[in-house]
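A look at the structure
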Amino acid sequence: MSPTPMERTALLICDLQNDFLHPDGAYGRAGQAAPEIAAVPAIVRPLAELIRARGGFVVSTHFTLVPGKGGEPMISPHLRELRPFLRKGDFLPSAWGHALVDELQPADLTVEKVAYSAFYMTRLEWVLRKAGIERLLVSGIVTNGGVASTVRDAHVRDFSVTVLSDACAAFSPAVHRTAIDALKPVCRVADVTEILAELSA
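All residue numbers refer to position in the chain's written sequence, counted from 1. For a predicted model such as this one, the threshold for reporting local features is a pLDDT of at least 70, and the threshold for listing and counting side-chain atom pairs is 80 or more; totals across whole chains, interfaces and linings nevertheless cover every residue. Think of the side-chain values as coming from all heavy atoms in the structure, minus any hydrogens and water.

Naming follows an unreviewed UniProt entry, where the chain appears as Cysteine hydrolase of Methylobacterium platani JCM 14648.

Listed below in structure tokens is the structure:
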């Protein structure tokens with residue numbers, strides 16, 4: 001790992017929100033779950049705790065359904081077709097479902113996002129630059145969606161990026177593995193144990 005100081009390092013947690021992971025959240029109510037996804041917070045937690053203790057940042061991105069007139073969520077047609085179970089109140093800013101799961105609270109910085117990439121039409125890059133962050137350790141869901149899109153956008157913005165292969169997940173292990181392999185040309189791939197050892201050395 002590069003000698004980037006801890007205070008310029010961030011654990012970037014992609015979309016580990018109650019509405020995705022909790023049984024009472026939007027996806028849980030719809031039976032949209034996978035054991036690999038449910039396991040991610042526990043895998044990420046030791047790294048989050050170490051980074052906090054050593055002066056680094058924990059940055060959380062939050063998929064958001066922006067409320068429009070009457071509070072009805074603004075949902076893209078393709079998303080409504082793919083996820084017909086989404087309803088008013090799901091992924092609502094400041095609501096319980098929108099929040100980072102309890103196991104990983106608190107985040108130092110949070111950013112709402114409306115598309116796969118956490119950089120698309122958000123303040124993420126501005127926040128990272130203001131905080132002096134140069135290195136991102138990326139975790140979250142789903143590997144082939146938000147994680148991959150965010151990593152690629154971070155790469156073209158000249159951040160040093162490491163994807164935590166065992167701290168990301170998709171709804172299919174095969175899809176996860178394919179997505180990780182496809183990211184190898186644009187970032188480092190490592191597991192949490194490897195990074196914990198490096199940061200503790």
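A look at the packing of helix α7 (residues 143–156) against helix α8 (residues 173–183)
The N-to-C vectors of α7 and α8 enclose an angle of 10°; their axes lie 10 Å apart at closest approach. Taken as axis vectors, α7 and α8 run roughly parallel relative to one another. Where α7 approaches α8, its residues Thr 143, Asn 144, Ala 148, Val 151 and Arg 152 are matched on the opposing element by Val 175, His 176, Ala 179, Ile 180, Ala 182 and Leu 183. A class-by-class count of the residues in the contact of α7 with α8 yields 7 nonpolar, 3 polar and 1 charged. Here the axes come from fitting lines to C-alpha atoms, over the contacting stretch only for helices, and the angles between their N-to-C directions go from 0 to 180 degrees. Helix and strand definitions follow DSSP, with helices as H or I runs of at least four residues and strands as E runs of at least two, each counted in order from the N terminus. Every angle not falling under 35 degrees, over 145, or within 65 to 115 is termed oblique; those three ranges are roughly parallel, roughly antiparallel and roughly perpendicular. Any two residues whose heavy atoms approach within 4.5 Å at even a single point are treated as in contact. Three classes are used: nonpolar for Ala, Val, Leu, Ile, Met, Phe, Trp, Tyr, Cys and Pro, charged for Asp, Glu, Lys and Arg, and polar for all others, with Gly counted as polar.

Some words on the packing of aromatic side chains
Whether two aromatic rings pair depends on their centres lying within 6.5 Å, for rings of Phe, Tyr and Trp, where Trp uses its six-membered ring; planes under 30 degrees apart make the pair stacked, over 60 edge-to-face, and the rest tilted. Tallying each qualifying case throughout the model produces 8 aromatic pairs. Pairing Phe 20 with Phe 63 gives two aromatic rings, centres 6.2 Å apart and planes at 40°, and the pair type is tilted. Placement of the pair is Phe 20 in helix α1 (residues 18–21) and Phe 63 in strand β2 (residues 57–63), with a sequence separation of 43 residues. For the exposure calls, accessible area comes from a 1.4 Å probe over protein chains only, and a residue counts as buried if that area is under 20% of its type's maximum, exposed if over 50%, partly exposed in between. Of the residues examined, Phe 20 reaches a relative accessible area of 16% and is grouped as buried. Considering the side-chain rings of Tyr 27 and Phe 91, the 6.2 Å spacing of their centres and the 85° angle between planes classify their relative orientation as edge-to-face. Residue Tyr 27 is located in helix α2 (residues 26–29), and its partner Phe 91 is located in the loop between α5 (77–82) and β3 (109–113); the two are separated by 64 residues in the primary sequence. Just as Tyr 27 is buried, Phe 91 falls in that class too.

What about the side chain of Asp 19?
Take Asp 19: it is sitting in helix α1. Just so you know, the count uses Lys and Arg for positive and Asp and Glu for negative, and it drops His and the chain ends. Whenever a carboxyl oxygen of Asp or Glu lies within 4 Å of a side-chain nitrogen of Lys or Arg, that contact is scored as a salt bridge. Put simply, Asp 19 is tucked away with no salt bridge, and the nearest opposite charge, on Arg 29, sits 4.5 Å away. Here a polar contact means two N or O atoms within 3.5 Å. Within protein one must be a hydrogen donor candidate and the other an acceptor candidate, and residues neighboring in sequence count only if both atoms are side-chain atoms. There is a polar contact of 2.9 Å between the side chain of Asp 19 and the backbone nitrogen of Ala 26. Excluding residues that lie within four positions of it along the chain, Asp 19 makes contacts with Gly 25, Ala 26, Tyr 27, Gly 28, Gly 89, Asp 90, Phe 91, Gly 97 and His 98.

Some words on the pairing of strand β4 (residues 135–141)
The element β4 is extensively covered by neighbouring structure, given that 7 of its 7 residues are classed as buried. Any two strands are treated as partners once DSSP identifies two or more bridges connecting them. Pairing analysis gives 6 bridges linking strand β1 (residues 9–14) to β4, with the strands arranged parallel. The partner of Ala 10 across the bridge, within β4, is Leu 136. As paired elements, β4 and strand β5 (residues 160–169) share 6 bridges and run parallel to each other.

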